[in-house]
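Structure assessment
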Amino acid sequence: MKKTVDVSIPLGPVHPCWKEPVRLKCETAGERVLRVEVELGYMKKGIERIMRGRPWQEVMFLAERVCGICSVIHNMVFIETMEEISDIAVPPRAAYLRVIVNELDRIASHILANFSYCYTIEHETLAMYLLNTREIVLDNLERITGSRVNTAYMIPGGVRFDLLPEDAVTVLADLDKVEEEMRRHTRIFETGPLIALRSKGIGVMDREEAIRSHTVGPTARASGVPDSDLRLRHPTYQALGFEQITRTEGDNFARIMIRFQEIFQSIDLIRKCVTTLPDGPIRGGGLCRAGEGSHSGEAPRGELTYTIKTDEYGRVLDIAIRTPSIMNIEACAHAMIADAASIADVTSTFISSDPCVACNER
């Protein structure tokens, strides 16, 4: 009988399915993947070091450049941390406008994540459909903030721009279009036999393993981890009646479906904010003061935390950022991919966790 020899197969750092450079070292026995090691370090930017000693006005722009896919939440968490340190209040209208922009960014991020997965399993038709729909979302981000990616929309005590009545009408109309198209895309994903073969029962991580691995965001919620969405503890989201979405399958299919479901939830949240937008100012004022504090928010990939120390002039003396992808990437390597039946499932399972290398290598 022919003996099966263990082989080391490197995937990346440059791979057609990766959005960013990363290498997976796979130890295999035949087709079966025995273990995987993730190798990072290909795109270090040093943003945290650049931030130190600079005024908050400059750090605000640097924060959202940690990640271009979820730049709004980096802007939001940094500003909310500065507001906690300086005891700055936010007017109700500005708080609702922040939710609108944050959820538009979440939709864009989730669509891109699902596009990457569909492209990885070679369902290029659905992948292109998703990218086309994403353009509508980015157009509305630009309509409200003036930019499609790096918006710099939130400032201490409020936001930069108000939502004009005519823009509110356009946003609601475009949301109807996005919802209609996303329902069609979701139906294609749910019922596609090829998608089921490549997704259901692949990359399974149960709830106990998800908790033990400290997974966050949709990756955790796809495995049924309770209270893992920090929007549950955000006062504006609480006022809007936000409820967490979870599934229990814990496989690739569940992780993608969680993002589809959260897209519809984000659409409902934006509609509610637009139709019940409070009257009043969009800026409450206030000065950034000396102090230190830590604040977390729910990024599209999970818990994002900023820990900041400032001086009396609002300069950032020290800053540390904890992004969500590092936990999910480790969980993916040690819980989802380990003992995979086929090397072909490694790329799709890795992409299903929506890794963001730019966040990790800031």
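Heads up: the structure comes first, above all this text.
In what follows, the accompanying structure is described. These numbers were taken from a predicted model, which means no experiment stands behind them. (Residues numbered from 1 in each chain as written. Predicted model: local features only at pLDDT ≥ 70, side-chain atom pairs only at ≥ 80, totals over all residues. Heavy atoms only, no water.)

1. Quick word on the pairing of strand 9 (residues 315–322)
Across two bridges, the pairing between strand 4 (residues 54–55) and strand 9 is antiparallel. Residue pairing in the sheet places Arg54 in a bridge with Val316 of strand 9. Taken together, the six bridges between strand 8 (residues 302–310) and strand 9 define a ladder with antiparallel strand orientation. When the bridges of strand 9 are listed, Thr310 appears paired with Val316. As consecutive antiparallel partners, strand 8 and strand 9 are separated by four residues, and within that stretch Gly314 has a phi angle of approximately 85°, a positive value. (Pairing = 2+ DSSP bridges. Helix = DSSP H or I, 4+ residues; strand = E, 2+ residues; numbered from the N terminus.)

2. So, helix 5 (residues 124–145)
For helix 5, with 22 residues, the first-to-last C-alpha span of 31 Å sits near the 32 Å given by 1.5 Å per residue. What helix 5 keeps buried is the set Leu126, Ala127, Leu130, Thr133, Arg134, Ile136, Val137, Leu138, Asn140, Leu141, Ile144 and Thr145. Here the buried face of helix 5 lies against helix 4 (92–120), helix 6 (165–191), helix 7 (193–199) and helix 11 (252–275). Gly146, located one to two residues past helix 5, shows a positive phi value of around 95°. (Expected span 1.5 Å × (residues − 1). Buried < 20%, exposed > 50% of the residue type's maximum accessible area, 1.4 Å probe, protein only. Contact = heavy atoms within 4.5 Å.)

3. Overview of the side chain of Asn75
Looking at the secondary structure, you find Asn75 in helix 3 (residues 71–86). Looking at Asn75, the relative accessible area reads 0%, which means it is buried. Leave out the neighbours within four places in its chain, and Asn75 touches Met60, Glu64, Thr151, Ala152, Tyr153 and Met154.

4. Section: the sheet that holds strand 1 (residues 6–11)
Strand order in the open sheet made by the three strands is 1-2-3, with antiparallel pairing throughout. Each end of this open sheet is capped by a strand with a single partner; those strands are strand 1 and strand 3 (32–39). Adjacent strand axes in the sheet meet at a mean angle of 20°, parallel and antiparallel pairs treated alike. Relative to strand 3, strand 2 (residues 23–29) runs antiparallel, the two sharing seven bridges. In the strand pairing of strand 3, Thr28 is matched with Val33. Taken strand by strand, helix 13 (residues 344–352) contacts strand 1, strand 2 and strand 3, and its axis lies near 140° from that of strand 2. (Axes fitted to C-alpha atoms, helices over the stretch in contact; angles between N-to-C directions.)

5. Concerning the layout of surface pockets
As a volume, the largest pocket reaches approximately 360 Å³. Around the largest pocket, the lining is made up of 23 residues, and of these Met76, Glu80, His234, Pro235 and His295 lie nearest the centre. Secondary structure elements with two or more residues in the lining of the largest pocket: helix 3, helix 4, helix 10 (235–239) and strand 7 (291–299). Looking at the lining of the largest pocket, the element that brings in the most residues is helix 3, giving six residues. Of the residues assigned to the lining of the largest pocket, the class counts are nine nonpolar, six polar and eight charged. Forming the boundary of the second largest pocket are Trp56, Ile155, Pro156, Arg283, Gly285, Gly286, Leu287, Cys288, Glu312 and Tyr313. (1 Å grid on protein atoms, 1.4 Å probe; cavity = no way out; pocket = protein on both sides within 12 Å on 5 of 7 lines; lining within 4 Å. Points joined across faces, edges and corners; volume = space filled by probe spheres on them. Nonpolar A, V, L, I, M, F, W, Y, C, P; charged D, E, K, R; others polar.)

6. Describing empty space enclosed by the protein
Under the defined criterion, the tally for this structure stands at two cavities of 30 Å³ or more. As a volume, the largest cavity reaches approximately 50 Å³. Considering the residues around the largest cavity, the lining is formed by Trp18, Lys19, Glu20, Val22, Phe350, Ile351, Pro355 and Val357. Counted by class, the lining of the largest cavity contains six nonpolar, no polar and two charged residues. In this structure, the second largest cavity is lined by Leu104, Ile107, Ile136, Val137, Asn140, Leu175 and Val178.

7. A look at the packing of aromatic side chains
Applying the stated criterion across every chain yields a total of six aromatic pairs. A ring pair is formed by Tyr237 and Phe242, whose centres lie 5.9 Å apart and whose planes are at 75°; its orientation type is edge-to-face. With a relative accessible area of 9%, Phe242 lands in the buried category. Linked through ring pairs, Tyr117, Phe189, Phe253 and Phe260 together constitute an aromatic cluster. In this structure, Arg184 is placed above the aromatic ring of Tyr129, and the distance from its NZ or CZ to the ring centre is 4.7 Å. Positioned above the aromatic ring of Phe253 is the side chain of Lys200, whose terminal nitrogen or guanidinium carbon lies 4.8 Å from the ring centre. (Phe/Tyr/Trp six-rings, centres within 6.5 Å; stacked < 30°, edge-to-face > 60°. Lys NZ or Arg CZ within 6 Å of the ring centre and 35° of its normal.)

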